[in-house]
Structures are given as C-alpha cells and as structure tokens.
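Here are the chains, one letter per residue:
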Amino acid sequence: MSLTPEHRDALVAALSWQIELGVDEAIGDAPIDRYAEHAKARAEAEAARKALPQVGGRRDAPKAKTGAPQPDAAQQDANDRAAACQTLDELRDAVAGWEGSSLRRGARNCVFSDGLPGSRVMIVGEAPGREEDIQGKPFVGRSGQLLDRMMAAIGLDRRAQNPAEAVYITNILPWRPMENRTPSASEVAAFLPFIERHVALAKPEFLLLMGGVSAKSLLGVETGILRLRGNWRRWGPDGLPAMPTLHPAYLLRSPAAKRQVWRDLLSLKAAMEGETVEFT
C-alpha cells in the first residue's frame, strides 16, 4: 500500500512531535496503557500515605533510607567538587560526573560550553534545549542561530580564536529539563556552585546574562528580567560587570523586543571599547 503525500506528511509530523517530547526508541510488541499505570501509582502512593503512623494529629514523614544522600549533603558535595576544580577540564568532568541531580537521567548529553575560554565576554544562558541536548553544545538551535547574528552585529564570534573577538558560552544548567520546561529553583540552586566556579575559571571581563533564570540566579535577585535588562550589575567578589538581557528564545516569540536587546548589546560594545560602566 503506497502512502499519499498527505499521509506521509502527517506521519512525519507525528514522528517529529514524538521526538520533540524525547522519544528516541520503540520497545515492546504490545502497547502500554500509561494512564492506567499513572492511576495505579497514585493509588499506591495514597495507600502508603494512609499507612503512616499518626503522631500528635500529624503523620510522621517516612525516614530516609540509610545511605541515601540528603539535599543538604548533595549541595555540600556540589560545593566541594566545584571548589576543588582548578581547570575548566576538571570542572567539565566534575559536572558530567555529579549525580546530585535527577536532570541527568532525562538528558542525552552534558552541555558544558562552547566558544573560546578566556574570551573577554562570557554568555550565560538558562538550560539546554533539544538541539543542544543532541549536540552537547549550548545555543545551537534557532536561539543559537539568532545569538550568533546578535554577536556578529557587535563584532563577536564564538568561532573566533582571538579573545578580543570571541565569546565563551555556557548555561546555568548543563542538563536539559524534560520538555524544555523552566528549571525549578532547587535545580538551579543545585548547580549554582558549578556555574560560579565556571565563571571564576573562565575569567571573562564581562558577563552577558541571557534570560531571567540566568540573571536572577547569578545576581541573587527576584526582579523580573524585563526590569533587570539593560542595567549593569556587579557579580562576584571582584565586581565583574554583568549585563542582564533577554534570551534569544524570547526574541523569537517577541520580535519587537529586539530593539531593547540591541541597546543592551551596544552598551556591552561600548564597555568593551573602554567606556565607563555605570552600575545599578
């Protein structure tokens, strides 16, 4: 039986949709009712909750299994591992090997960095997307293509070998959250020691913080990115100049905001050329 062009297009669209959701292989001869599995899991969880002993009108929380890492222990482990790294290669291995976050179990690759270490400008995004997860590099999808054009507009290129003309790029999170969801506060906090060490080892002169997750987590503020952007802030013990701006993914959804980001990039270019930075 031959497929019509319409049927073929429909099948390709359905397959693309499944790939976007993270499906990468088909296993099993019989279909699985995921809805029934979910209902069973909820019923089992409810039964376990009701079985907990009552103390003073409240249920005791189940005790952690012996040897299971506690959140504070995992965070301390991240702090210790990050602080012990003396080179970017050591940090890359530490990030890829750290098992303190469940994000790694839903991703293909650890997305560490791209561009030239030692560049004057270091870009920090939020988290890898689908294309970044596949290739193992940050900003390689549509957002990355737009970012490259933005950098080219002020004379920068991630492929350049001259630190004055190159950029160094990374993300707050090295692992892709499933379905490209916004990272949770706990996930960001878990990897914060690694990204702070990353900046310290890369030694840029300027930080470009792209997106609310990046700006708020590194600057330690709750202000929204639309109010943060365009205002120079100090980061770290040495007061490194940091410019928060909008993420390229936001610009793809809201093209009118490109004029705002253009002003941010012009401010970065002026600072690189020696103009005095006015901090907020």
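Quick caveat, the model's predicted, so the values are computed rather than measured.

So, how was this worked out
Residues numbered from 1 in each chain as written. Predicted model: local features only at pLDDT ≥ 70, side-chain atom pairs only at ≥ 80, totals over all residues. Heavy atoms only, no water. Pairing = 2+ DSSP bridges. Helix = DSSP H or I, 4+ residues; strand = E, 2+ residues; numbered from the N terminus. Contact = heavy atoms within 4.5 Å. Axes fitted to C-alpha atoms, helices over the stretch in contact; angles between N-to-C directions. Parallel < 35°, antiparallel > 145°, perpendicular 65-115°, else oblique. Left-handed = near helix turned anticlockwise from the far one by under 90°. Core = buried A, V, L, I, M, F, W, Y, C linked by side-chain atoms within 4.5 Å. Buried < 20%, exposed > 50% of the residue type's maximum accessible area, 1.4 Å probe, protein only. Phe/Tyr/Trp six-rings, centres within 6.5 Å; stacked < 30°, edge-to-face > 60°. Expected span 1.5 Å × (residues − 1). Arc of directions from axis to C-beta. Salt bridge = Lys/Arg side-chain N within 4 Å of Asp/Glu carboxyl O.

(A) Spotlight on the sheet that holds strand S5 (residues 167-171). Spatially, S3-S5-S4-S6-S8-S7 is the arrangement adopted by the six strands of the open sheet, whose pairing is mixed. Two strands bound the open sheet, and with one partner strand each, they are strand S3 (114-115) and strand S7 (233-235). Bridge count for S3 against S5 is two bridges, and the pairing is antiparallel. Its bridge partner lying in S5, Gly115 is registered against Tyr168. Docked against the sheet, helix H8 (residues 212-219) engages strand S4 (121-125), strand S6 (206-210), S7 and strand S8 (240-245), running at close to 130° with respect to S6.

(B) Examining the packing of helix H6 (residues 142-153) against helix H11 (residues 258-272) more closely. Between H6 and H11, the shortest axis-to-axis distance is 10 Å and the interhelical angle comes to 45°. If you check the angle between H6 and H11, you find them oblique. Seen from above, H6 lies across H11 with right-handed handedness. Across the interface between the two elements, Leu146, Met150, Met151 and Ala153 of H6 pack against Lys258, Val261, Trp262 and Leu265 of H11.

(C) Layout of the nonpolar core. Of all hydrophobic cores here, the largest spans 65 residues; its most connected members are Val121, Ile123, Met151, Phe194, Leu207 and Leu208. Setting aside chain neighbours within four positions, we find Val121 in contact with Leu156, Ala166, Val167, Tyr168, Pro204, Phe206, Leu208, Leu268 and Met272.

(D) Spatial organisation of the side chain of Thr170. Its location among the elements puts Thr170 in strand S5. Taking the relative accessible area as the measure of exposure, Thr170 reaches 2% and is therefore buried.

(E) Fine view of the packing of aromatic side chains. Taken as a whole and judged by the stated rule, the model has four aromatic pairs. Considering the side-chain rings of Trp98 and Phe191, the 5.3 Å spacing of their centres and the 85° angle between planes classify their relative orientation as edge-to-face. On the criterion of sequence distance, the pair formed by Trp98 in the loop between helix H4 (88-97) and S3 and Phe191 in helix H7 (residues 185-202) is long-range, its members being 93 residues apart. Since its relative accessible area comes to 2%, Trp98 is described here as buried.

(F) Representation of H6. Spanning twelve residues, H6 covers 17 Å between terminal C-alpha atoms, matching the ideal 16 Å at 1.5 Å per step. Within the span of H6, buried status applies to Ser143, Gly144, Leu146, Leu147, Met150 and Met151. Each buried residue of H6 sits inside an arc of 160° when the element is viewed along its axis, so together they form one side. Exposed and oriented more than 90 degrees from the buried face of H6 are Arg142 and Arg149. Where H6 is buried, its residues meet S4, S5, S6, helix H10 (248-253) and H11. Gly155 sits one or two residues past H6 and shows a positive phi near 80°.

(G) Main features of the packing of H4 against H7. It is at 10 Å that the axes of H4 and H7 come closest, and there the two elements cross at 165°. The angle between H4 and H7 falls in the class roughly antiparallel. For the element pair H4 and H7, the recorded crossing hand is left-handed. For the pair formed by H4 and H7, the contact residues are Leu88, Leu91, Ala94 and Val95 on the first element and Phe194, Arg197, His198, Leu201 and Ala202 on the second.

(H) Just the pattern of salt bridges, in detail. In total, this model carries ten salt bridges according to the counting rule given. Arg158 serves as the salt-bridge partner of Asp114, at 2.8 Å between the closest nitrogen and oxygen. Taken together, the residues span a long stretch of sequence, with Asp114 in strand S3 and Arg158 in the loop between H6 and S5 at a distance of 44 residues. For the pair Asp114 and Arg158, one class covers both residues: buried. The residue Arg158 makes a salt bridge to Asp148 at a minimum N-O spacing of 2.9 Å. Here Arg158, found in the loop between H6 and S5, pairs with Asp148, found in helix H6; they are ten residues apart in sequence, far enough to count as distant. Each of Asp114, Asp148 and Arg158 takes part in salt bridges that share partners, so that together they form one network.

Scope: geometric values only; no functional claims are made or implied.
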